[in-house]
Amino acid sequence: MIDVVRPKRVLIAGSITRDTNVYAATPHCSFGGTALFAARTYRQFGIDVRLVTRLAAPDIALIEAELAGVELIAQPSSVTTAFENTYGTNDTRTQRVTAVAPPIALDAGYFAGVDWLHLGPLHPNDLDPDWLDKPSPVPIAFDIQGLARQVQGERIAAVLDPRAIKLLPRIEWLKASRVEWRTLQAHLRIGPLDRPTHGSSETLVTDGAEGGIVLRNQQRDVRWSAAPAVTNCDPTGAGDVFLTAYLCHRIGRSASAHRSAAEAARVTSEFLLGRVASG
């Protein structure tokens, strides 16, 4: 009897958004959000995806068309979460949230048949607290950005949510931008070369065109370079693509951290080059 190897399957939880990205004073409207960029990238590598989000009814069919092959669980909402991202010098970003869907609810049945959980909240109230508080039956990859910001009116401010600290011991893979990582270090009162006493096995700290580093507990850190560096384009979603491509290689192909980071850098550059080519 021939054993049939089941494709890897990931559970993604996070908002798909209606984005207005303003780069070089030019606005561009599209769907976005960590959950969307992650789902696209996983499918590119043949990973099965179950995606739990909230969408306004008119947007469900549009997202189903964009994410062919994805098992989409679109919880009902009167609105789809909407972000406005405005980029300035050196890709500094200011953000506004113009619509917020209710928190995404957790159902234990979502975990059936999945190999890992990819949490991609975009703000502190994006996910029902159960996602953060209840034990997960599978390993967790977590993008800290949603818990490293606070919604103040329509504005986004850089404020670390204490729940991120409580979650650290349960995370296998943590992704943070350079700024988010420094915020976390300051909160924990640890030096730039220190690690949290308890935390993720691998922390991916991204730094745009400068590349980044994979911080590993009790193992040699892995640095990567952008391959190639892509500048002068809207960078929205690049970090989401990097983390997802890293996991595709690290989990899906059992690759080393070094190989996974190098391949993820290549995939991210291709993603940004495609955006440049499309204008």
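Look up: the structure comes first, before these words.
A brief structural summary. Note that this is a predicted model, so its numbers are computed, not measured.

1. Re the overall build of the chain
In terms of helices and strands, the chain carries seven helices and 15 strands. Against the compact-globule benchmark of 19 Å for 279 residues, the chain has a radius of gyration of 18 Å, which places it among compact chains. Counting only C-alpha atoms, the chain reaches 55 × 45 × 40 Å along its principal axes. Across the 279 residues in the chain, those meeting the buried criterion constitute 49%. The long-range share in the chain, meaning contacts at least 24 apart out of those at least 6 apart in sequence, stands at 61%. For the chain, the exposed surface amounts to about 13,100 Å²; the carbon and sulfur share of it is 52%. Positive and negative side-chain charges of the chain, numbering 29 and 29 respectively, have mean locations separated by a distance of 4 Å.

2. Some remarks on the nonpolar core
Of all hydrophobic cores here, the largest spans 39 residues; its most connected members are I12, I16, Y42, L51, Y246 and L247. Of all the elements in the fold, those that place two or more residues in this core are strand 1 (9-13), helix 1 (34-44), strand 4 (48-56), strand 15 (222-224), helix 6 (238-252) and helix 7 (257-278). When residues no more than four places from it in sequence are discounted, the contact partners of Y42 are V10, I12, I47, V49, W116, H118, T244, L247 and C248. Listed in part, the 30 residues of the second largest apolar core include A13, V52, Y110 and F111.

3. Things to note about helix 7
Working note: α-helix, 3.6 residues per turn, so residues spaced by three or four point in the same direction. Counted at 1.5 Å a residue, the expected span for helix 7 with its 22 residues is 32 Å, and the 32 Å between its end C-alpha atoms agrees. Looking at helix 7, one finds that the buried residues are A257, S260, A261, E263, A264, A265, V267, T268, S269 and L272. Those residues of helix 7 hidden inside the fold are in contact with helix 1, strand 13 (202-206), strand 14 (212-216), strand 15 and helix 6.

4. A few points about the pairing of strand 4
Where a strand is regular, its side chains alternate between the two sheet faces. The buried count for strand 4 comes to eight of nine residues, which makes it a mostly enclosed element. Two elements, strand 1 and strand 4, share five bridges in a ladder whose sense is parallel. What sits directly across from V10, in strand 4, is V49. Bridge count between strand 4 and strand 5 (residues 71-77): seven bridges; the pairing is parallel. Across the sheet, the residue bridging to L51 is L72, located in strand 5. Handedness of the crossover joining strand 4 and strand 5 through helix 2 (residues 57-66): right-handed.

5. Concerning the packing of helix 1 against helix 6
Two numbers describe how helix 1 lies on helix 6: the axes approach to 9 Å, and their chain directions differ by 40°. The two elements helix 1 and helix 6 cross, and the hand of that crossing is right-handed. Contact residues: T34, F37, A38, T41 and Y42 in helix 1; D240, V241, T244, A245, L247 and C248 in helix 6. Classifying every residue of the contact of helix 1 with helix 6 gives seven nonpolar, three polar and one charged.

6. Section: the environment of D161
By the element assignment, D161 lies in the loop between strand 11 (155-157) and helix 4 (163-167). Owing to a relative accessible area of 14%, D161 belongs among the buried residues under this scheme. Considering only alpha carbons, one finds D161 and A148, 13 residues apart in sequence, at a separation of 6.0 Å. Excluding residues that lie within four positions of it along the chain, D161 makes contacts with P124 and L147. A polar contact is formed between the side chain of D161 and the backbone nitrogen of R163, at a distance of 2.9 Å.

Conventions used here
- Residues numbered from 1 in each chain as written.
- Predicted model: local features only at pLDDT ≥ 70, side-chain atom pairs only at ≥ 80, totals over all residues.
- Heavy atoms only, no water.
- Helix = DSSP H or I, 4+ residues; strand = E, 2+ residues; numbered from the N terminus.
- Rg over C-alpha atoms; globule rule 2.2 N^0.38 Å.
- Buried < 20%, exposed > 50% of the residue type's maximum accessible area, 1.4 Å probe, protein only.
- Contact = heavy atoms within 4.5 Å.
- Areas by Shrake-Rupley, 256 points an atom, 1.4 Å probe, with all protein chains shown as cover.
- Lys, Arg positive; Asp, Glu negative; His and termini not counted.
- Charge placed at Lys NZ, Arg CZ, Asp CG, Glu CD.
- Core = buried A, V, L, I, M, F, W, Y, C linked by side-chain atoms within 4.5 Å.
- Expected span 1.5 Å × (residues − 1).
- Pairing = 2+ DSSP bridges.
- Right-handed = clockwise from strand over helix to strand, strands pointing away.
- Axes fitted to C-alpha atoms, helices over the stretch in contact; angles between N-to-C directions.
- Left-handed = near helix turned anticlockwise from the far one by under 90°.
- Nonpolar A, V, L, I, M, F, W, Y, C, P; charged D, E, K, R; others polar.
- Polar contact = N/O pair within 3.5 Å; in protein donor to acceptor, adjacent residues only side chain to side chain.

Everything listed here is a matter of geometry and, on its own, says nothing about what the molecule does.
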